Amino acid sequence: MTISRDQLVAMLDQELQPWRFKDYCPNGLQVEGRSQVRKIITGVTASQRFIDLALERQADVLLVHHGFFWKNENPCITGIKKKRLQALLNADVSLLVYHLPLDAHPQLGNNVQLARRLGLTIAGALDNTGQPPLALWAQLPEPLPASEWLRHVATVLGSPVRHFPGQDRRLQRVAWCTGAAQDWIEQAAAQQMDAYLSGEVSEPVVHWAEETGVHYLAAGHHATERYGVQAVGEWLQQQCGVEHEFIDCFVEV
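Described in the following lines is the structure provided in the data block. (Residues numbered from 1 in each chain as written. Predicted model: local features only at pLDDT ≥ 70, side-chain atom pairs only at ≥ 80, totals over all residues. Heavy atoms only, no water.)

## Re the state of the cysteines
No. 1: For the structure on display, the rule yields zero disulfides.
No. 2: Not part of a disulfide, cysteine 25 finds its nearest cysteine sulfur in cysteine 177, a span of 15 Å.
No. 3: Its sulfur unpaired, cysteine 76 is 19 Å from the next cysteine sulfur, which belongs to cysteine 25. (Disulfide = S-S within 2.5 Å.)

Quick look at the structure:
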């Protein structure tokens, strides 16, 4: 089955509601391709490797979490950006991008999808940013040593997790936000979480973990953000019958 490109964009915009977010990049259709869509390929980042693989598999639309035209980046179409855009334009293939709207969606979003894989029942939002919540928290079914929580996360994600220890106690309340949300460990401490998980780690976070007692897990930016875009692709397949495939160009960051 096929769907028009414009109808596809309208469906996604209606579902993900990008206008509700103050974001770092334009959400929605970033590169316009052919008018009819039969196959959608999803991935985390519109890297050259991902683009090349998707074009080999005859995609009509690429749907990703990390696209182009980030705030404060060089706007010139040169080098890597030129090659990526040229590949899409030459193939007449669209690029659809949803960043914060994909993190926050209450059913399809990265944070909810990660919770499902970790077996967590969401208790509430950690952040109060004035837009739909991104960071979430949960009560573990039973208190766990930090080492067991670390092992569980690494097993589910299938990749290494860096652990920066907090207080030596069993974990009960855990919070998380996928990607580069390490600075919210401060909010996790304020809300008396035992552990906080995100994708990356910066130098101040190590000291926050040590001094507040909140265990910090850096589980990988890419590793934590693989699931939302897959869920959206599967939703589109169910809703309009287009073909969907996920390509995981995994990078350990």
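What follows picks up the thread again.
## Some points on the pattern of salt bridges
No. 1: Tallied over the full model, the rule gives nine salt bridges.
No. 2: Where lysine 39 meets glutamate 245, a salt bridge forms, and the shortest distance between an N and an O atom there is 3.2 Å. Here lysine 39 is found in strand S4 (residues 39-45), whereas its partner glutamate 245 is found in strand S13 (residues 243-246), with 206 residues between them in sequence.
No. 3: We note a salt bridge from aspartate 194 to arginine 169, for which the minimum N-O separation is 2.9 Å. With aspartate 194 in the loop between helix H7 (185-190) and strand S11 (195-198) and arginine 169 in the loop between strand S9 (162-164) and strand S10 (171-176), this residue pair connects regions lying 25 residues apart in the sequence.
No. 4: Judged by relative accessible area, which is 9%, aspartate 194 ranks as buried.
No. 5: Given the relative accessible area of 28%, arginine 169 is considered partly exposed.
No. 6: By sharing partners, the salt bridges in this structure join Arg38, Lys39, Arg57, Glu243 and Glu245 into a single network. (Salt bridge = Lys/Arg side-chain N within 4 Å of Asp/Glu carboxyl O. Helix = DSSP H or I, 4+ residues; strand = E, 2+ residues; numbered from the N terminus. Buried < 20%, exposed > 50% of the residue type's maximum accessible area, 1.4 Å probe, protein only.)

## What about unusual backbone geometry?
No. 1: Positive phi outside glycine occurs at glutamine 17, with the angle close to 50°.
No. 2: One non-glycine residue with positive phi stands out, namely aspartate 92, at about 60°.
No. 3: With respect to the secondary-structure elements, aspartate 92 resides in the loop between helix H3 (79-91) and strand S6 (94-97).

## Some points on the side chain of histidine 105
No. 1: Within the secondary structure, histidine 105 sits in the loop between helix H4 (100-104) and helix H5 (110-118).
No. 2: According to the relative accessible area criterion, histidine 105 is buried, its value standing at 7%.
No. 3: Within the structure, the side chain of histidine 105 is placed 2.9 Å from the backbone nitrogen of leucine 108, a separation counted as a polar contact.
No. 4: Apart from residues lying up to four places away in sequence, histidine 105 is in contact with Glu15, Leu16 and Val112. (Polar contact = N/O pair within 3.5 Å; in protein donor to acceptor, adjacent residues only side chain to side chain. Contact = heavy atoms within 4.5 Å.)

## Side note on the packing of aromatic side chains
No. 1: A complete count under the given rule lists three aromatic pairs for this structure.
No. 2: With 6.0 Å between their ring centres and 85° between their planes, phenylalanine 68 and phenylalanine 69 make a pair best called edge-to-face.
No. 3: The exposure class of phenylalanine 68 is buried, given its relative accessible area of 3%.
No. 4: The residue whose ring lies beneath arginine 173 is tryptophan 137, and the NZ or CZ to ring-centre distance is 4.3 Å. (Phe/Tyr/Trp six-rings, centres within 6.5 Å; stacked < 30°, edge-to-face > 60°. Lys NZ or Arg CZ within 6 Å of the ring centre and 35° of its normal.)

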